Amino acid sequence: MAILSDIKSALERMDAALFQQMGDELLTTIYKPINIESRGTKEGQVKTVKGSPDTVFTMSDGKVLIEYTTQSNHPKDQFVAKLKSDIDSCINIKKTRIPIDEIKEIVLVSNQRIAIDIQDNLRIYLWKQYPDIKLTILSIDDIATKLRQVPRILQEYLGIVTFPNLVEIDSFIKRFSSTKFSYLTPINNPYFEIDAQPISKGLELLKANDFLIISGEPGMGKTRYAIEIAKAFSDMTGTEAFVIEEKNRNIRETLDNVDKNVSYLFIIDDANRTLLSTGKCKISYFSEENILRRVEIKRVKSS
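Since this is a predicted model, take the numbers as computed values, not measurements.

**Describing the side chain of threonine 239**
Moving on, step 1. The residue threonine 239 is located in the loop between helix H10 (222-237) and strand S8 (240-244) in this model.
Moving on, step 2. Side-chain polar atoms of threonine 239 contact the side chain of threonine 237, separated by 2.8 Å.

Pasting the structure below:
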């Protein structure tokens, strides 16, 4: 697992344009906007351009305006002034061409540390002008923590490999919904819960057991059911959820490299291809089954 200090060090050295592109990808996984308009980067190039705000997310209930700053080695007063200027730009209709009543949130993103007192003052600054607009501030500490949950972005932009063989759920869904896997049952269709297979039942079983085995004939929806349970469990507990879906994998190697102070939920897709060894139990073969493995890393012991 990547150490936070390594991620922060890499973030501090990032080029402004690349930082914006990475930030847009990261925030897209969080906000899941209907539409994205990146005004602060030049189309098709890794260059910044003047635009206000840097990025606009269109949501079902309004717009989220995002401003990035990579200022470093500047006096505190100048840094705070830049952040206030970003807020002012976001609420300047002449610059944004966005009516105030359409703005639901402003997000300030920086690869520098922003002290809590500064954050509080910035929120008060906006609230006094427009109390209905939410201000979210993501400093380097917040970004580093969130990046650990999206290994693909972490590796692509910072060259830091976290979990070999682990895939975040959204990336897994996107990959297996492509035309390359058209012969498989789609897993990106709307999910309709049935009385005989409620998500709540899966959650109940998973809370009481480390393993939840989902079996059935091909195409019945085992993987999609596992994904829905994993998402719900992650939202409920804060557990980090990933898919282990490579062939001929040995989860022992993965467990040896993850953060020992974090709880994980692993979806082991097509478990018949997996040798699972945690030190306390071993599963060498399952036929047409998926496994949700809840791991409290601090309880895992070496053989």
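Right, picking up where we left off after that structure.
**So, the packing of aromatic side chains**
Moving on, step 1. Evaluation of the coordinates by the stated rule reveals three aromatic pairs.
Moving on, step 2. Each ring, one from phenylalanine 19 and one from tyrosine 68, has its centre 5.9 Å from the other, and the planes form 85°; the classification is edge-to-face. Remark: tyrosine 68 occurs in strand S3 (residues 62-69) and phenylalanine 19 occurs in helix H2 (residues 16-31); sequence separation between them is 49 residues. Accessibility assignment for this pair places phenylalanine 19 and tyrosine 68 in one class, buried.
Moving on, step 3. Centroid distance tyrosine 264 to phenylalanine 266: 5.8 Å. Interplanar angle 20°. Geometry classified as stacked.
Moving on, step 4. Residue class for phenylalanine 266 comes out buried when judged on its relative accessible area of 0%.
Moving on, step 5. For the cation-ring pair, lysine 84 lies above tyrosine 125, with the distance from its terminal atom to the ring centre recorded as 5.0 Å.

**Quick word on the environment of isoleucine 229**
Moving on, step 1. Checked against the element boundaries, isoleucine 229 lands in helix H10.
Moving on, step 2. Measuring from C-alpha to C-alpha, the distance between isoleucine 229 and glutamate 204 comes to 9.9 Å, with 25 residues separating the pair along the chain.

**Considering the sheet that holds S3**
Pairing between the strands of a sheet is mediated by backbone hydrogen bonds and can be parallel or antiparallel.
Moving on, step 1. Pairing in this open sheet of five strands is mixed, and the strands run S1-S2-S3-S4-S5 from one edge to the other. Each edge of the open sheet carries a strand with a single partner, namely strand S1 (35-38) and strand S5 (134-138). Each strand axis lies, on average, 15° off the axis of its neighbour in the sheet, ignoring direction.
Moving on, step 2. Lying on the sheet, helix H5 (residues 116-129) is in contact with strand S4 (103-110) and S5; it crosses S5 at an angle near 155°.

**Notes on helix H6 (residues 140-147)**
What sets the pattern is the α-helix's 3.6 residues per turn: residues three or four places apart point alike.
Moving on, step 1. Along H6, the positions that sit buried rather than exposed are Ile140, Ile143, Ala144 and Leu147. For H6, the arc enclosing every buried residue in end-on projection is 100°, short of the 170-degree limit, so these residues lie on one face.
Moving on, step 2. Among the structural elements, helix H1 (4-12), H2, S4, S5 and helix H7 (151-158) are those in contact with the buried residues of H6.

The rules behind the values
The residue numbers shown here count from 1 along each chain, following its written sequence. Only residues with pLDDT of at least 70 are given local features in this predicted model, and only at 80 or more are side-chain atom pairs given and counted; all residues enter the totals for whole chains, interfaces and linings. Values reported for side chains reflect all heavy atoms of the structure, with hydrogen atoms and water molecules removed beforehand. Helix and strand definitions follow DSSP, with helices as H or I runs of at least four residues and strands as E runs of at least two, each counted in order from the N terminus. For this analysis, a polar contact is any N or O atom pair within 3.5 Å, provided that within protein one partner can donate a hydrogen and the other can accept it, and provided that sequence-adjacent residues contribute only side-chain to side-chain pairs. Any pair of Phe, Tyr and Trp rings, taking the six-membered ring for Trp, is counted once the centres come within 6.5 Å. Such a pair is stacked with planes under 30 degrees apart, edge-to-face with planes over 60 apart, and tilted for the rest. The buried label goes to any residue with under 20% of its type's maximum accessible area, the exposed label to any with over 50%, and the partly exposed label to all in between, with areas taken from a 1.4 Å probe on protein chains only. Two thresholds decide whether a charge sits over a ring: the Lys NZ or Arg CZ must be within 6 Å of the ring centre and within 35 degrees of the ring normal. Strand pairing follows a simple DSSP-based rule, namely that at least 2 bridges must link the two strands. Fitting a line to C-alpha atoms yields each axis, with helices limited to the stretch in contact; the angle taken between N-to-C directions then spans 0 to 180 degrees. Note on contacts: a residue pair is in contact if any heavy atoms of the two residues lie within 4.5 Å. This arc is taken over the directions from the axis of the helix to the C-beta atoms.

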